[in-house]
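If you want the building blocks of each chain, they are given just below.
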Protein chains: 2
Amino acid sequence: MLKAERHKYIMTKLIEDQKVVTTDLALALDLSEDTIRRDLNELDSKKQLEKVYGGAVQVKQKSANVFDIAISAEEEKKKIVTKALSLLHDDQVIIMSGGSTNLVFAKLIPADLKATIYTYSLPIAMQLSQHPNIDLIFIGGKMQKNAMVTIGMDVIQVVSKIKADICFIGASSINIKQGLTEVGYEISIVKKAMIEASDRVVSMFASNKLNTKMPHGVCDLTQLDTIVTELEPEDERLDEYRKSGVFIL
Amino acid sequence: MLKAERHKYIMTKLIEDQKVVTTDLALALDLSEDTIRRDLNELDSKKQLEKVYGGAVQVKQKSANVFDIAISAEEEKKKIVTKALSLLHDDQVIIMSGGSTNLVFAKLIPADLKATIYTYSLPIAMQLSQHPNIDLIFIGGKMQKNAMVTIGMDVIQVVSKIKADICFIGASSINIKQGLTEVGYEISIVKKAMIEASDRVVSMFASNKLNTKMPHGVCDLTQLDTIVTELEPEDERLDEYRKSGVFIL
DNA sequence: CTAATAAATGCACGATTTTGCAGTTTTAAG
DNA sequence: CTTAAAACTGCAAAATCGTGCATTTATTAG
């Protein structure tokens, strides 16, 4: 086994378990503890981990970089959004709201798709700006700092003039009675406008958003055309939603 | 067996196993380890793999991540923009154009500054969205993909309504006769509008931009109030600029 | 086809890297 | 304070590497 391999193994193990123990590694890799210690020291000096007595722990990344956006459960989200790729066609006019699920979606849009996309989310715009065939239009306005999206009258005004074919709306919460709901008032208003502006409305989210509720209403279920989760469309947890006429992908 | 064949075999093997070992390859291909080593060194210098002690591993692809923006000569740019921090005051209305120098500037804006900033650059907006006390307004429009800025009529329209105290304009090129010039027509138009909208105009750039020229004019030197470079203000390379009335920081 | 030239290969040998071990020091917990 | 585990240090054996050089193989010009 090459040293480089070992280092990779150690780093993988470290991410899995949040820590590594010198003696365990020596046993697992069939090497002396001295060698493991030397490896850990080396990785420590390269700032890839932090050595502690008995092993090593993850280096606390100082994320001083705004630009690396952490996406939780990225693999699961990939599964969800992949289903929705079939909804995309050339020459569509598309509106995308924010959220990490939509961001993952943006990453996976095929390079040969020719379409026009409106968005008000900085990260999504960054992502799409490297797509070769998308006409990208950013909806300007006052920035909502934490969500990195624009809000306010300027946004509403622009959105209300769009005639879009399809709209991908991120969901904070969804339930049978109130439909989509949001934590922020400003964003709920903008999402309303986006839904109004589109022929078809799609919402993608993980199933833990089902049957939850936030203060501000966006729209009720009848206004959604399609919802996409990681569940099978026939899953019983979606029964109620299916009955209300939403198509489930 | 030809060398090219061997290289192909090695690369295939590398993808299959995530690694190759010098001794194994020598045995499998019935060649001396020296030859294998020479092959690996060659492939390493062509960046097709990474040689390590005992063999080689796959090159770690540099995260095809849109979000990590490479800034060349960041330290030099820090030196430049630090000089300009003294121009910032609370309650100013500020316009910032794009460019990596402005991006470095955005990073260094003190956390306690309370101001309003307009920008049309995605990276700068991302950066400033982290700032606790800046009111940030993004100027929407069609995205110019490579520069990650918005362009077009929508942008002009918004900019023309701004009354800003100070404007930080990135420079592609500057010279005595033509003043600021740009490579793209669209961007030159937007920058013109930004300059019009501001009481005071500041441009920051490295000295290698001095005495160069691009196709599209933005403004002449008289419209610039201050320029900032890494040079001492008294440097003779700036003599001509100083004579034309620009303040040099 | 032949001769001249360039490229590739294998070998020898000194230099470098890696690794485990023994002895000593440091650390953390009772 | 005591003690056992963990870490560090120096060292030697083994593996791997780089380089100069001779030999073989391939290429090109005439």
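What's the story with the nonpolar core in this structure? I'm lost.
Counting residues in each nonpolar core, the largest one holds 68 residues, and the members touching the most others are Phe168 of chain A together with Phe168 of chain B. In contact with Phe168 of chain A, not counting residues within four places along its chain, are Leu87, Leu88, Ile94, Ile95, Met96, Ser97, Asn102, Phe105, Val202 and Met204 of chain A.

What am I meant to see in the protein's contact with DNA strand C here?
In the neighbourhood of DNA strand C, 16 residues make up the surrounding shell, with Arg6, Thr35 and Arg38 of chain A together with Arg6 and Thr35 of chain B lying closest. Counting only the atoms of DNA strand C within 4 Å of the protein, the fraction contributed by sugar and phosphate is 60%. The contact in question runs from a phosphate oxygen of DNA strand C to an N or O atom on the side chain of Arg6 of chain A, over 2.7 Å. The side chain of Asp34 of chain B places a nitrogen or oxygen atom 3.3 Å from a base nitrogen of DNA strand C. Of all the elements in the fold, those that place two or more residues in the surface near DNA strand C are helix H1 (3-17) and helix H3 (33-45) of chain A together with helix H1 (3-17) and helix H3 (33-45) of chain B.

Which parts of the structure should I look at to understand the pattern of salt bridges?
Where charged atoms from two side chains of opposite charge come close, those side chains can pair. This structure, assessed with the given rule, holds 21 salt bridges over all chains. Measuring nitrogen to oxygen at the nearest pair gives 3.2 Å for the salt bridge that ties Asp135 of chain A to Lys142 of chain B. Note that Asp135 of chain A is positioned in strand E6 (residues 134-138) and Lys142 of chain B in strand E7 (residues 141-144), a pairing that runs across two chains. Overall, the relative accessible area of 38% leaves Lys142 of chain B in the partly exposed class. The residue Asp17 of chain B makes a salt bridge to Lys13 of chain B at a minimum N-O spacing of 3.5 Å. Highlighted residues: Asp17 of chain B and Lys13 of chain B, both in helix H1, separated by 4 residues, approximately one helical turn. When its relative accessible area of 30% is taken as the criterion, Lys13 of chain B is described as partly exposed.

I'm lost on the domain arrangement of chain A in this one. Help?
Many structure descriptions define interface size as the accessible area lost when the parts assemble. Domain parsing of chain A yields domain 1 (3-57) and domain 2 (74-248). Centre-to-centre, using C-alpha coordinates, domain 1 of chain A lies 42 Å away from domain 2 of chain A.

Mind showing me how you'd approach the packing of H1 of chain B against helix H2 (residues 22-29) of chain B here?
Between two packed helices, what matters for the description is the angle formed by their axes and the separation of those axes. All names here are of chain B. Contact geometry for H1 and H2: axes closest at 12 Å, N-to-C directions at 130°. Classified by the angle between their axes, H1 and H2 sit oblique to one another. Considering only the axes of H1 and H2, their crossing is right-handed. Along its contact with H1, which presents Arg6, Tyr9 and Ile10, the element H2 presents Leu25, Ala28 and Leu29. Its residues assigned to classes, the contact of H1 with H2 comprises 5 nonpolar, no polar and 1 charged.

Sorry, what's going on with the sheet that holds strand E2 (residues 50-52) of chain A here?
Strands belonging to one sheet form pairs held by backbone hydrogen bonds; the direction of such a pair is parallel or antiparallel. Residues and elements named next belong to chain A. The 3 strands lie next to each other as E1-E3-E2, forming an open sheet whose pairing is antiparallel. Since the sheet does not close on itself, it has two edges, and those belong to strand E1 (19-21) and E2, each with one partner. The mean inter-strand angle of the sheet, taken between neighbouring strand axes irrespective of direction, is 20°. As defined by bridge partners, E2 adjoins strand E3 (residues 55-57) across 3 bridges and the pair is classed as antiparallel. Residue pairing in the sheet places Val52 in a bridge with Gly55 of E3.

What counts, and where the lines are drawn
- Along each chain, numbering runs from 1 in the same order as the chain's sequence is written.
- Each chain takes a letter, starting from A, and each ligand takes a number, starting from 1, following the order in which they are written.
- A pLDDT threshold of at least 70 governs which residues receive local features in this predicted model, and a stricter bar of 80 or more applies before side-chain atom pairs are shown or counted, although totals over entire chains, interfaces and linings include all residues.
- Side-chain measures here rest on the full set of heavy atoms in the structure, leaving out hydrogens and waters.
- Each nonpolar core is a collection of buried residues, namely Ala, Val, Leu, Ile, Met, Phe, Trp, Tyr and Cys, held together in the definition by side-chain atoms within 4.5 Å.
- Only protein chains enter the accessibility calculation, which uses a 1.4 Å probe; a residue is then buried when its area is under 20% of its type maximum, exposed when over 50%, and partly exposed in between.
- Contacts are residue-level and defined by heavy atoms, with any inter-residue pair within 4.5 Å sufficient.
- Here a residue is near a molecule or strand as soon as one of its heavy atoms is found within 4 Å of it.
- Whenever two N or O atoms come within 3.5 Å, that pair is a polar contact, provided that in protein one can donate a hydrogen and the other can accept it, and provided that, for residues adjacent in sequence, both atoms are side-chain atoms.
- A run of H or I in DSSP counts as a helix once it spans at least four residues, and a run of E counts as a strand once it spans at least two, with each numbered from the N terminus.
- Think of a salt bridge as a Lys or Arg side-chain nitrogen and an Asp or Glu carboxyl oxygen that are within 4 Å of each other.
- Residue ranges for the domains originate in an automatic or database domain assignment.
- Helix axes use the C-alpha atoms of the stretch in contact, all axes being lines fitted to C-alpha atoms, and the angles between their N-to-C directions lie in the range 0 to 180 degrees.
- The labels follow the angle: roughly parallel below 35 degrees, roughly antiparallel above 145, roughly perpendicular from 65 to 115, and oblique for the rest.
- Crossings are assigned a handedness: left-handed for a near helix turned anticlockwise from the far helix by less than a right angle, right-handed for a clockwise turn.
- Throughout this entry, Asp, Glu, Lys and Arg are counted as charged residues, while Ala, Val, Leu, Ile, Met, Phe, Trp, Tyr, Cys and Pro are counted as nonpolar. The remaining residues, Gly among them, count as polar.
- Between any two strands, pairing holds if DSSP finds at least two bridges.

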